[in-house]
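Working through the structure, step by step
Residues per chain are reported as follows:
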Amino acid sequence: MSRDDIYAAPHDQLGEFVFDARVANVFGDMIQRSVPGYATTISTISELAARYCQPNSKAYDLGCSLGAATLAMRHSIQAEGVEIIAVDNSAAMVERCQLNIDTDTATVPVSVVMADVQDVEISNASLVILNFTLQFIAVEERLALLKKACDGLRPGGKLVLSEKVIFPDPYLNDLNIDLHHRFKKAHGYSDLEIAQKRSALDNMLIPETVEQHKKRLVEAGFDRVDVWFQCFNFMSMIAVKA
Ligand code: GEK
């Protein structure tokens, strides 16, 4: 796995963060060293796919990047006739994701689709995964996407939503941001790298509170919603359609 050193040298002008070939090339290393609990979200998605994918249904991995969640599901799904739809709008990610699928040995069929998740039809789904993707969608468009996911799920279907979050209390918000930065430093990122990445993501990754996410999921039509994992300002929820 190539090491992420994209923000190691000083950048004169920090453009917005883009999911281009440079990022795709180091993404596996970047996300593991940047997102506390990332490995836990992937292994739990694998567990949930084994439990909840229904026969002859679809599992969606929206914002699939290199296909980590897709591959985890592919190796754990027990039900017959399940198809995985992996979607990302970055050409570089989709290209590498397809290579990862092609060199993988599991047999569950996977369609890797290059598209905006907002334009993809969701139907006959038993599991929808948004593992750190909704945070990149404009806030005012998030409800429509979650409604579409809920409408496309079968009864008993589940949605996993993992996100970076903020805290209503400014003191606790600062504490959790600081704990996250310590996590990144412990994983080898310098103060300069942390600061430059933070500023590049500033306008494109918009975190909300856990309560905002819960409220929106209920508004989208889900019947049971709660957090199953949290570490600092990163959390994952499960939402159930009755
Ligand atoms: C994982 N889920 O490894 N449509 C499609 N894809 C999008 C959109 C959009 N509108 N916006 C962003 N993306 C993965 C990790 S990364 C999280 C997800 C992160 C894609 C974007 O191209 C990128 O690949 C992914 O969402 C977000 O489990 O980088 O913090």
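Located above this text is the structure these notes cover.
Here's what I pulled together on the structure shown here.

**Details of the pattern of salt bridges**
Evaluated as defined, the whole model comprises 8 salt bridges. Residue Asp29 is joined to Arg33 by a salt bridge in which the shortest nitrogen-to-oxygen separation is 3.0 Å. Of this pair, Asp29 and Arg33 both sit in helix α1 (residues 21-34), 4 residues apart, which is roughly one turn of the helix. The class for Asp29 is buried, based on a relative accessible area of 11%. One salt bridge in this structure joins Lys214 and Glu211, with 4.0 Å as the shortest N-O distance. Residue Lys214 and its partner Glu211 are located together in helix α8 (residues 210-219), separated by 3 residues, close to a single helical turn. Within this structure, Arg142, Glu208 and Arg216 form a network of salt bridges that share partners.

**A short note on the side chain of Gln54**
Tracing the backbone through its elements, the reader meets Gln54 in the loop between α2 (38-52) and β1 (58-62). Each residue touching Gln54, except ones within four places of it in the same chain, is listed here: Ala79, Val82, Ser126, Arg154, Pro155, Gly156 and Gly157.

**Considerations on the site of the ligand**
Surveying the vicinity of the ligand reveals 21 residues, the closest of which are Tyr38, Gly63, Ser65, Asp88 and Asn131. A distance of 2.6 Å separates an oxygen atom of the ligand from a polar atom in the side chain of Tyr38. Interatomic distance of 2.9 Å between a backbone N/O atom of Val117 and a nitrogen atom of the ligand. When the ligand is considered free in solution it has 660 Å² of accessible area, and contact with the protein chains removes 94% of it. Elements with a minimum of two residues in the shell around the ligand: α1 and α2.

So, how was this worked out
- Residues numbered from 1 in each chain as written.
- Predicted model: local features only at pLDDT ≥ 70, side-chain atom pairs only at ≥ 80, totals over all residues.
- Heavy atoms only, no water.
- Salt bridge = Lys/Arg side-chain N within 4 Å of Asp/Glu carboxyl O.
- Helix = DSSP H or I, 4+ residues; strand = E, 2+ residues; numbered from the N terminus.
- Buried < 20%, exposed > 50% of the residue type's maximum accessible area, 1.4 Å probe, protein only.
- Contact = heavy atoms within 4.5 Å.
- Near = heavy atom within 4 Å.
- Polar contact = N/O pair within 3.5 Å; in protein donor to acceptor, adjacent residues only side chain to side chain.
- Areas by Shrake-Rupley, 256 points an atom, 1.4 Å probe, with all protein chains shown as cover.

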